[in-house]
Amino acid sequence: MQQKGVPMTISSSLNSGVAALKANANRLASISDNIANASTFGYKRVETDFHSMVTATSGGAYSAGGVRTTSQRMIDQRGSLVTTNNSTDLAVRGRGMLPVMPSSQIATGTTEMLLATTGSFRTNEQGYLVTESGLVLLGWPAQSDGSIPSVPRDTPAGLQPVQLSVNQLSGSPTTRMTLRMNLPATATEAGSPGDTQPLSVEYFDNLGKSEKVDIDLSPIVPATGASNEWRMVLRDTASSGAVIGEYILTFGDSRTTGGTLSAVSTVSGGGYDPATGSFLVNVRGGPMEINIGQLGDSAGITQLSDTFAPVSITRDGSAVGTMTSVKVDENGYVYATYDSGISRRVFQIPLVDVPNPNGLTALDSQTYAPSRDSGTFFLWDAGDGPTGDLVSFAREESTTDVATELTAMIQTQRAYSSSAKVIQTVDEMLQETTNIKR
C-alpha cells in the first residue's frame with residue numbers, strides 16, 4: 001500500500017508545482033500592471049494574495065494541496081495630490097468619488113454613472129466638461145437664483161452632464177432688491193428745510209439692459225416737534241420715470257426701538273409685508289421685490305443723527321456677459337465668472353460613497369461601477385457625512401510604489417524558479433519509478 005501511495009504523493013507534488021507556477025504568474029501579472037501604471041493619475045494598485053489549499057491526509061502519506069491566488073484592487077488607498085494649472089483638474093481629498101459617464105452616452109440621453117477619484121476635465125466643442133479618455137463630469141444643475149433643487153440622493157436620476165456656455169452670452173433679470181440706509185433724524189424736525197434725498201439703484205431688465213429705480217426720500221416736516229416720517233417715491237426709468245410705488249415710512253423714537261421702522265403705510269404699489277420687510281412693485285419687465293427691513297429691526301432702514309448714508313444696496317440679476325473662467329470650490333459648487341464681473345453658481349458636483357470601495361467593479365480609464373460587493377451608493381455634498389472635500393487645480397497620483405513592486409517582482413521570480421525546480425525534481429523521480437524492474 002505504501003508503494004501505491006508513493007506515485008500519488010509524487011503526482012500531488014507535480015500538481016502543486018504547476019499551481020505554484022500559475023500563482024506566481026498571476027502575481028507577476030499584477031506587478032507588471034502596477035509598474036506600467038506607476039505614472040497613471042488615479043490608478044489603484046492591484047494586490048495579489050496567496051492562499052494554501054489543503055487536502056485530507058491518511059496514515060503516513062501526505063498529498064500536496066497546492067496554492068491559489070486572489071487579486072484585489074485597493075481602491076480605498078489614496079495617492080498623493082499634485083497641483084496643476086487647470087481649474088477643472090479635480091481630485092477628492094478623503095473618502096468619496098466623482099460621478100462621471102461616457103461621453104458617447106450624451107447623444108442617447110442615458111446616464112450610466114461611473115465613479116472616479118480624479119480627472120482632468122476640459123470643455124469640448126459643446127461646452128461639456130470632458131476628460132481626454134471621454135468621461136463627462138456629472139452634477140446637479142443650479143436654478144436661476146443659484147440654489148440647488150432638492151434631488152434624490154440614492155439614484156443618479158437627477159444628475160446631468162456638466163455643460164458650460166463658454167461662447168454664449170448670459171445674464172439674468174433683477175427680481176429682488178435690498179435697501180439699507182440711514183436717514184437724518186434732524187430732517188423731520190420743525191423748521192428743517194425738507195430737502196429730498198435722491199437715490200438711484202441699477203437693475204437689469206429681461207433683455208439684460210441696465211435700468212434704474214429712482215428713489216426720492218422726502219422728510220415730512222411738521223409745524224412743531226418732529227414727525228419722524230419720510231415719504232418714499234419709487235420711479236422706473238424703463239417706464240419713462242413712471243411712479244411704481246409710494247410709501248410713508250414712520251420711525252420710532254423710544255429707548256428700545258429708537259431710529260428703527262415702526263410703521264409703513266402704502267400710498268401706491270404693493271403692500272408692505274411686516275413678516276418679510278418687503279413690498280412688491282411692478283417695473284416694466286415684471287414684479288420686483290424690494291426689502292427695506294422689518295419693523296423694529298436695526299438692520300433695516302434707520303433714522304438716526306443728521307447724516308444721510310446709503311449703507312448697503314444689493315440686488316440679484318446680472319448684466320449680459322461672456323464666461324471667462326470656471327471655479328470649483330471645496331464643497332463641489334461650480335461657479336462661472338463672466339466679463340461683466342458677475343460670478344454665478346451653475347452646478348454642484350456631489351461625491352459618491354459606498355460601504356466597501358474595494359468591492360467596486362474596476363473598468364477602463366480608472367473608473368469604477370457599483371456592484372453587489374460594494375454595497376449601495378449615496379450621493380453626498382462634498383465635505384458632508386463621511387466624504388472628504390473636492391480639490392481643484394489638483395490630480396491624484398498613482399498608488400503604485402515602484403520600489404515595492406520591484407522587490408515583489410524579485411521575490412516572485414525566485415518563487416517561480418523554485419516551483420519550476422520542484423516540477424523538474426518530480427519528473428526525475430517519476431522517471432526513476434518507471435525504471436524500477438519487477
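None of the values given here were measured: they were computed from a predicted structure. (Residues numbered from 1 in each chain as written. Predicted model: local features only at pLDDT ≥ 70, side-chain atom pairs only at ≥ 80, totals over all residues. Heavy atoms only, no water.)

J.: Sorry, what's going on with the overall build of the protein here?
T.: A count of helical and extended segments in the protein gives 2 helices and 31 strands. Scaling as 2.2 N^0.38, a compact globule of 438 residues should have a C-alpha radius of gyration of about 22 Å, whereas the protein reaches 37 Å, well beyond that. In terms of overall dimensions, the protein has a C-alpha envelope of 140 × 50 × 35 Å along the principal axes. Considering the protein as a whole, with its 438 residues, one finds that 41% of them fall into the buried category. Across the protein, every contact between residues at least 6 apart in sequence was considered, and the portion connecting residues at least 24 apart equals 62%. (Helix = DSSP H or I, 4+ residues; strand = E, 2+ residues; numbered from the N terminus. Rg over C-alpha atoms; globule rule 2.2 N^0.38 Å. Buried < 20%, exposed > 50% of the residue type's maximum accessible area, 1.4 Å probe, protein only. Contact = heavy atoms within 4.5 Å.)

J.: Help me understand the sheet that holds strand S4 (residues 89–93), please; the structure alone is not making it clear to me.
T.: Think of a sheet as strands paired side by side through backbone hydrogen bonds, with each pair either parallel or antiparallel. Pairing in this open sheet of 3 strands is antiparallel, and the strands run S7-S4-S30 from one edge to the other. Edge positions in the sheet fall to strand S7 (118–120) and strand S30 (389–392), since each of these pairs with one other strand and no more. When strand polarity is set aside, the average angle formed by the axes of neighbouring strands in this sheet is 20°. Alignment of S4 against S7, held across 3 bridges, turns out to be antiparallel. Bridge pairing in S7 links Leu-90 to Gly-119. (Pairing = 2+ DSSP bridges. Axes fitted to C-alpha atoms, helices over the stretch in contact; angles between N-to-C directions.)

J.: Please clarify how the packing of aromatic side chains should be interpreted in this entry.
T.: The geometry of an aromatic ring pair comes down to the distance between the two centres and the angle between the two planes. Across all of its chains, the model carries 2 aromatic pairs by this definition. Across the ring face of Tyr-333, the terminal group of Arg-345 is positioned such that the distance to the ring centre comes to 4.0 Å. (Phe/Tyr/Trp six-rings, centres within 6.5 Å; stacked < 30°, edge-to-face > 60°. Lys NZ or Arg CZ within 6 Å of the ring centre and 35° of its normal.)

J.: I tried to follow a nonpolar patch on the surface on my own but got confused; where do I start?
T.: Residues Leu-28, Val-402, Leu-406 and Met-409 make up a contiguous nonpolar surface patch of roughly 290 Å² in combined accessible area. Ranked by residues supplied to the nonpolar patch, first place goes to helix H2 (residues 402–434) with 3 residues. Assignment of secondary structure puts Leu-406 in helix H2. (Patch = residues over 30% accessible without salt bridge, like charges linked within 9 Å, V, L, I, M, F, W, Y side chains within 5 Å. Areas by Shrake-Rupley, 256 points an atom, 1.4 Å probe, with all protein chains shown as cover. Salt bridge = Lys/Arg side-chain N within 4 Å of Asp/Glu carboxyl O.)

J.: I keep staring at the sheet that holds strand S18 (residues 261–268) and nothing clicks. Help me out?
T.: Read from one edge to the other, the open sheet built from 5 strands follows the order S14-S15-S16-S17-S18, with strand pairing classed as antiparallel. Taken across any chain shown, the strands that pair with only one partner, and hence form the sheet edges, are strand S14 (197–204) and S18. Ignoring which end each strand starts from, the neighbouring axes of this sheet average 20° apart.

J.: What am I meant to see in the pattern of salt bridges here?
T.: A pair can form between side chains of opposite charge whenever their charged atoms are brought close. According to the stated counting rule, one finds 12 salt bridges in the structure shown. With its nearest N and O atoms 3.2 Å apart, the salt bridge here joins Glu-47 to Arg-45. Residue Glu-47 is classed as partly exposed on the basis of its relative accessible area of 28%. The shortest N-O distance in the salt bridge between Arg-45 and Glu-405 comes to 3.1 Å.

J.: Looking at this model, I keep getting lost on the environment of Ala-64. Mind explaining?
T.: With respect to the element layout, Ala-64 can be found in the loop between strand S1 (46–52) and strand S2 (67–73). As for Ala-64 and Thr-9, which are separated by 55 residues in sequence, their C-alpha atoms are 7.2 Å apart. Setting aside residues up to four positions removed in sequence, Ala-64 forms contacts with Ser-12, Ser-13, Ser-16 and Thr-55.

J.: How should the nonpolar core be read in this particular structure?
T.: The tendency in soluble globular proteins is for nonpolar side chains to be buried as a group. Residues Ile-215, Met-232, Leu-234, Leu-249, Phe-279, Ile-290 and Ile-292 are the most contacted members of the largest nonpolar core, which totals 29 residues. Sorting the residues of this core by element identifies strand S13 (176–183), S14, strand S15 (210–219), strand S16 (229–236), strand S17 (242–251), S18, strand S19 (278–283) and strand S20 (286–291) as the ones contributing at least two each. Ignoring any residue separated from it by four or fewer positions in sequence, one finds Phe-279 in contact with Met-232, Leu-234, Tyr-247, Gly-270, Gly-271, Tyr-272, Met-288, Glu-289, Ile-290 and Ile-292. Counting 25 residues, the second largest nonpolar core, distinct from the first, contains Val-92, Leu-129, Leu-164 and Ala-369. (Core = buried A, V, L, I, M, F, W, Y, C linked by side-chain atoms within 4.5 Å.)

J.: What's the story with H2 in this structure? I'm lost.
T.: Side chains that are three or four residues apart share a direction in an α-helix, a result of its 3.6 residues per turn. The end-to-end C-alpha separation of H2 is 48 Å, in line with the 48 Å expected for 33 residues at 1.5 Å each. All buried positions along H2 are accounted for by Glu-405, Ala-408, Thr-412, Ser-419, Ile-423 and Val-426. (Expected span 1.5 Å × (residues − 1).)

J.: Looking at this structure, how should I read the pairing of strand S5 (residues 98–102)?
T.: For a regular strand, the rule is simple: side chains alternate between the two faces of the sheet. Among the 5 residues in S5, 5 count as buried, and that is most of the element. Direction of pairing for S5 relative to strand S10 (residues 135–141): antiparallel, over a ladder of 3 bridges. Each bridged residue has a counterpart across the sheet, and for Met-101 the counterpart in S10 is Val-136.

J.: I'm lost on the environment of Asp-353 in this one. Help?
T.: Along the polypeptide, Asp-353 turns up in strand S26 (residues 351–353). With 173 residues separating them along the chain, Asp-353 and Arg-180 place their C-alpha atoms 44 Å apart. Residues in contact with Asp-353, not counting those within four places in the same chain, are Arg-95, Gly-96, Thr-376, Phe-377, Phe-378, Trp-380, Pro-386 and Thr-387. A polar side-chain atom of Asp-353 sits 2.6 Å from a polar atom in the side chain of Arg-95. (Polar contact = N/O pair within 3.5 Å; in protein donor to acceptor, adjacent residues only side chain to side chain.)

J.: When you look at the environment of Glu-396 in this model, what are you seeing that I'm missing?
T.: Relative to the helices and strands, Glu-396 resides in strand S31 (residues 394–396). Along the chain, Glu-396 and Leu-98 lie 298 residues apart, while their C-alpha atoms are 12 Å from each other.

J.: Before we go on, may I ask you to explain the side chain of Thr-118 in this structure?
T.: Examined against the element boundaries, Thr-118 turns out to sit in strand S7. Judged by relative accessible area, Thr-118 falls into the buried class, the value being 11%. A polar contact of 2.8 Å, which involves the side chain of Thr-118, links it to the backbone oxygen of Leu-90. Reaching out from Thr-118, the side chain makes a polar contact with the backbone nitrogen of Glu-396 at a distance of 3.2 Å. Excluding residues within four positions of it along the chain, Thr-118 makes contact with Phe-41, Gly-42, Leu-90, Ala-91, Leu-98, Ala-394, Arg-395 and Glu-396.

J.: Looking at this model, I keep getting lost on the side chain of Thr-40. Mind explaining?
T.: Topologically, Thr-40 is positioned in the loop between helix H1 (2–36) and S1. A distance of 3.0 Å separates polar atoms of two side chains, one belonging to Thr-40 and the other to Asn-37. Apart from the residues lying within four places of it in its own chain, the contact partners of Thr-40 are Gln-366, Glu-397 and Ser-398.

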